[in-house]
Amino acid sequence: MSTCPCCSEKPFIECCEPILKNQSAPTALALMRSRYTAFHRGLAGYLQDTTHERTRQQNKLSDLETWSSENDWIQLEILDTTRGQAADENGTVEFKAHFKDKHGSHQIHHERSNFSKEKGKWYYVDGRIFPQYTVPEPKISRNGPCPCGSGKKYKKCCA
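Under an unreviewed UniProt entry, the name given to the chain is YchJ family protein, and the source organism is Reichenbachiella carrageenanivorans.

Colleague: Can you explain the overall build of the chain? Please cite residues and give values.
Modeller: The number of helices and strands found in the chain is four helices and five strands. Its helices and strands in sequence order give the chain the pattern α-α-α-α-β-β-β-β-β, from N to C terminus. Reported as C-alpha extents along the three principal axes, the dimensions of the chain are approximately 65 × 35 × 30 Å. The buried share of the chain, taken over its 159 residues, is 40%. Here the analysis covers contacts within the chain between residues at least 6 apart in sequence; of these, 43% occur between residues at least 24 apart. As displayed, the chain offers around 9400 Å² of accessible surface, 47% of which is attributable to carbon and sulfur atoms. If the 23 positive side-chain charges of the chain are averaged to one point and the 19 negative ones to another, these points end up 9 Å apart.

Colleague: Talk me through the UniProt feature "domain: YchJ-like middle NTF2-like" (unreviewed entry) in the chain; I want residue IDs and the actual numbers.
Modeller: Summarizing the sequence annotation, UniProt attributes the feature "domain: YchJ-like middle NTF2-like" (unreviewed entry) to residues 27–127 in the numbering used throughout. Between the end C-alpha atoms of residues 27–127 there is a gap of 17 Å, over a span that is 30% helix and 43% strand.

Colleague: Summarise the environment of Gln-23; cite the residues concerned and give the values.
Modeller: With respect to the element layout, Gln-23 can be found in the loop between α1 (17–22) and α2 (28–41). With 85 residues separating them along the chain, Gln-23 and Ile-108 place their C-alpha atoms 26 Å apart. Look past the residues within four positions of Gln-23 in its chain and what remains in contact with it is Tyr-46, Asp-49 and Lys-121. There is a polar contact of 3.3 Å between the side chain of Gln-23 and the side chain of Asp-49.

The rules behind these values
- Residues numbered from 1 in each chain as written.
- Predicted model: local features only at pLDDT ≥ 70, side-chain atom pairs only at ≥ 80, totals over all residues.
- Heavy atoms only, no water.
- Helix = DSSP H or I, 4+ residues; strand = E, 2+ residues; numbered from the N terminus.
- Buried < 20%, exposed > 50% of the residue type's maximum accessible area, 1.4 Å probe, protein only.
- Contact = heavy atoms within 4.5 Å.
- Areas by Shrake-Rupley, 256 points an atom, 1.4 Å probe, with all protein chains shown as cover.
- Lys, Arg positive; Asp, Glu negative; His and termini not counted.
- Charge placed at Lys NZ, Arg CZ, Asp CG, Glu CD.
- UniProt positions renumbered as here; feature names shortened; annotations may be inferred.
- Polar contact = N/O pair within 3.5 Å; in protein donor to acceptor, adjacent residues only side chain to side chain.

Printed below as a string of structure tokens:
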């Protein structure tokens, strides 16, 4: 059994897979996790379908396809949730999505997303996006051990 890409540590078949198939999440947090998994798996149609109709025009299918496929999604970090439970009509989820961009740079997308529930179904509405940043690569000393694990000095190995 594979672990779910959303970093819940649950099996995919018990976590995001049922939500992705039914396009219905029980909470705003569950929808957030399933949307991250959709980015990870390149499911742009799901991303568009779970975006609220008020803001769907701002999220073009082609842009979602490009962004989900050109990046290597590494980790989802949930920072905070406000409301968004089954009995609520709206909620927010603050998160950081770690990914490697098409150039191999480790990036972090930090957002506080707004969700709304209509007719029993949760939708992503919009979000406040914090400045995206690149995680600096650690400096490797020429005389230090090579990060590949060979046991050789960096200058005599992968440099």
